[in-house]
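Now for the letters of each chain:
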Amino acid sequence: MKFSNNIEILSSQNITLITGATSGIGFEMLEYLAKDNQNILFTARNETKAIKIINDLISVYPSLRISYALCELSDQIEILKLTNYINCKLIKVKNLINNAGIFPVKNRISKQGIELSFAINHIAPFLIATQLYKDNSFDKYSLILNINSSAHYRGRGDLENYDPQETYNYSKMQRYSETKLANLCLTYKLSKLYINDDILVNAAHPGIVATNLLSNNGWLSFLNWGLKLVGRNANKSAKELFEVIQKCHTDKLSGVFFSEGDIVKSSDYSYDINLQDKIWNISIGLINASTMEF
Ligand SMILES: NC(=O)c1ccc[n+]([C@@H]2O[C@H](COP(=O)([O-])OP(=O)(O)OC[C@H]3O[C@@H](n4cnc5c(N)ncnc54)[C@H](OP(=O)(O)O)[C@@H]3O)[C@@H](O)[C@H]2O)c1
């Protein structure tokens, strides 16, 4: 975990925290957040990319407060260092955009032994959101927006504990779908748990977008060419998502699923309260060990 040299400018400020902003949809969203003069903290893994992003945006928006945190989101300890910093510096998170995600073309596990796509697509948003909440780092009418996927419609949630061996039995598409269904169940569960604190929790599918989602998979990265060919422009999705954020605040929406900017019904499984509780309990089990270690 490392922060940009200018991180102190965010102390005691209201911020938008966005994960995975060095590429694709997250990268394009930065421009809209900057134009709106929001204070931004984004997560990245590549410092050279992160510095360039800051320099480019500051050259257009000189008064912008923007910093980065180098954070490997599959590692729960890194996430806890990030939320701990936010807490210590009295930063209030007005918008948490859980955007970072991967498609699991290869079998990989996280430091804590969790299948990698489940760790990044579900456990990371779960841990960031719940830890910020515990630390009282959200403001009144803060928004948590989970970048989900229409792939969740294929999810069934019938995994018992999401351990790697169990998920390896699934096709890659099914595995991705299960991570997104779990993330959506979490969205609905949190929207109910946080309702009395006036914290809004929603999820959004950005469309099929020409990004790097299928790269980072070694020689199988050629699959990404297909996505670049059929996907829509990432800037278009980013604009829609920015409008979704505004709409959530204006209309005080919570517990809602958006697809390409419109509110739509998500899968029947995602509304199943028993499944939401099951995934919640499994997720708590998967983070307990590391939070105690921290
Ligand atoms: N593209 C689509 O068609 C599509 C459709 C539905 C939903 N989505 C969702 O949209 C979100 C954004 O994806 P995208 O399409 O914009 O993909 P992308 O271009 O691959 O961007 C993903 C971002 O997540 C970051 N990231 C990946 N693994 C990480 C890790 N272990 N730790 C920290 N950061 C990590 C990446 O960082 P690096 O730059 O360092 O790799 C990158 O900034 C994802 O949640 C995805 O599931 C995408």
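Note that this is a predicted model, so its numbers are computed, not measured.

What follows covers the site of the ligand. Inspection of the region around the ligand gives 31 residues, with Ser-23, Glu-72, Tyr-176, Val-209 and Thr-211 positioned closest. Between the ligand and the protein, one listed contact pairs an oxygen atom with a side-chain N or O atom of Thr-22 at 2.8 Å. Backbone polar atom of Asn-212 to an oxygen atom of the ligand: 3.1 Å apart, as the coordinates give it. Within the complex, 96% of the 900 Å² of free accessible area of the ligand lies under protein. For the shell around the ligand, the secondary-structure elements that each account for two or more residues are α1 (24-35) and α6 (172-193). Grouping the amino acids of the shell around the ligand by side-chain chemistry returns 14 nonpolar, 13 polar and four charged.

Let us now look at the layout of surface pockets. Looking at the largest pocket, its volume works out to about 950 Å³. Around the largest pocket, the lining comprises 42 residues; the ones closest to its centre are Gly-101, Ile-102, Thr-211, Asn-212 and Leu-213. Those elements giving two or more residues to the lining of the largest pocket turn out to be α1, β3 (40-44) and α6. For the lining of the largest pocket, the residue count by class is 18 nonpolar, 19 polar and five charged.

The first and last C-alpha atoms of α6 sit 32 Å apart over 22 residues, in line with the 32 Å expected at 1.5 Å per residue. A large share of α6 lies buried, amounting to 18 of its 22 residues.

A few words on the pattern of salt bridges. Per the counting criterion, the structure on display carries 13 salt bridges. Here Arg-45 makes a salt bridge to Glu-72, at a shortest N to O gap of 3.6 Å. One end of the pair, Arg-45, is in the loop between β3 and α2 (47-60); the other, Glu-72, is in the loop between β4 (66-70) and α3 (76-88), and 27 residues separate them in sequence. A relative accessible area of 57% places Arg-45 in the exposed class. A residue is classified by how much of its surface remains accessible, and Glu-72, at 27% relative accessible area, is partly exposed.

On to the packing of aromatic side chains, then. Under the counting rule described, the total for this entry stands at nine aromatic pairs. Note on Phe-42 and Tyr-68: the rings are 6.1 Å apart at their centroids and 55° apart in plane angle, and the pair reads as tilted. Here Phe-42, found in strand β3, pairs with Tyr-68, found in strand β4; they are 26 residues apart in sequence, far enough to count as distant. The pair formed by Phe-42 and Tyr-68 is uniform in burial state, with each residue classed as buried.

Applying the stated criterion to the full structure yields zero disulfides. There is no disulfide at Cys-185, and the cysteine sulfur nearest it, in Cys-248, is 19 Å away.

Once that is clear, we can look at the side chain of Ser-177. The topology assignment puts Ser-177 in helix α6. Residue classification places Ser-177 among the buried residues on the basis of a relative accessible area of 0%. Setting aside residues no more than four positions away along its own chain, Ser-177 makes contact with Ala-151, His-152, Arg-154 and Gly-155.

How each quantity is defined
- Residues numbered from 1 in each chain as written.
- Predicted model: local features only at pLDDT ≥ 70, side-chain atom pairs only at ≥ 80, totals over all residues.
- Heavy atoms only, no water.
- Near = heavy atom within 4 Å.
- Polar contact = N/O pair within 3.5 Å; in protein donor to acceptor, adjacent residues only side chain to side chain.
- Areas by Shrake-Rupley, 256 points an atom, 1.4 Å probe, with all protein chains shown as cover.
- Helix = DSSP H or I, 4+ residues; strand = E, 2+ residues; numbered from the N terminus.
- Nonpolar A, V, L, I, M, F, W, Y, C, P; charged D, E, K, R; others polar.
- 1 Å grid on protein atoms, 1.4 Å probe; cavity = no way out; pocket = protein on both sides within 12 Å on 5 of 7 lines; lining within 4 Å.
- Points joined across faces, edges and corners; volume = space filled by probe spheres on them.
- Expected span 1.5 Å × (residues − 1).
- Buried < 20%, exposed > 50% of the residue type's maximum accessible area, 1.4 Å probe, protein only.
- Salt bridge = Lys/Arg side-chain N within 4 Å of Asp/Glu carboxyl O.
- Phe/Tyr/Trp six-rings, centres within 6.5 Å; stacked < 30°, edge-to-face > 60°.
- Disulfide = S-S within 2.5 Å.
- Contact = heavy atoms within 4.5 Å.

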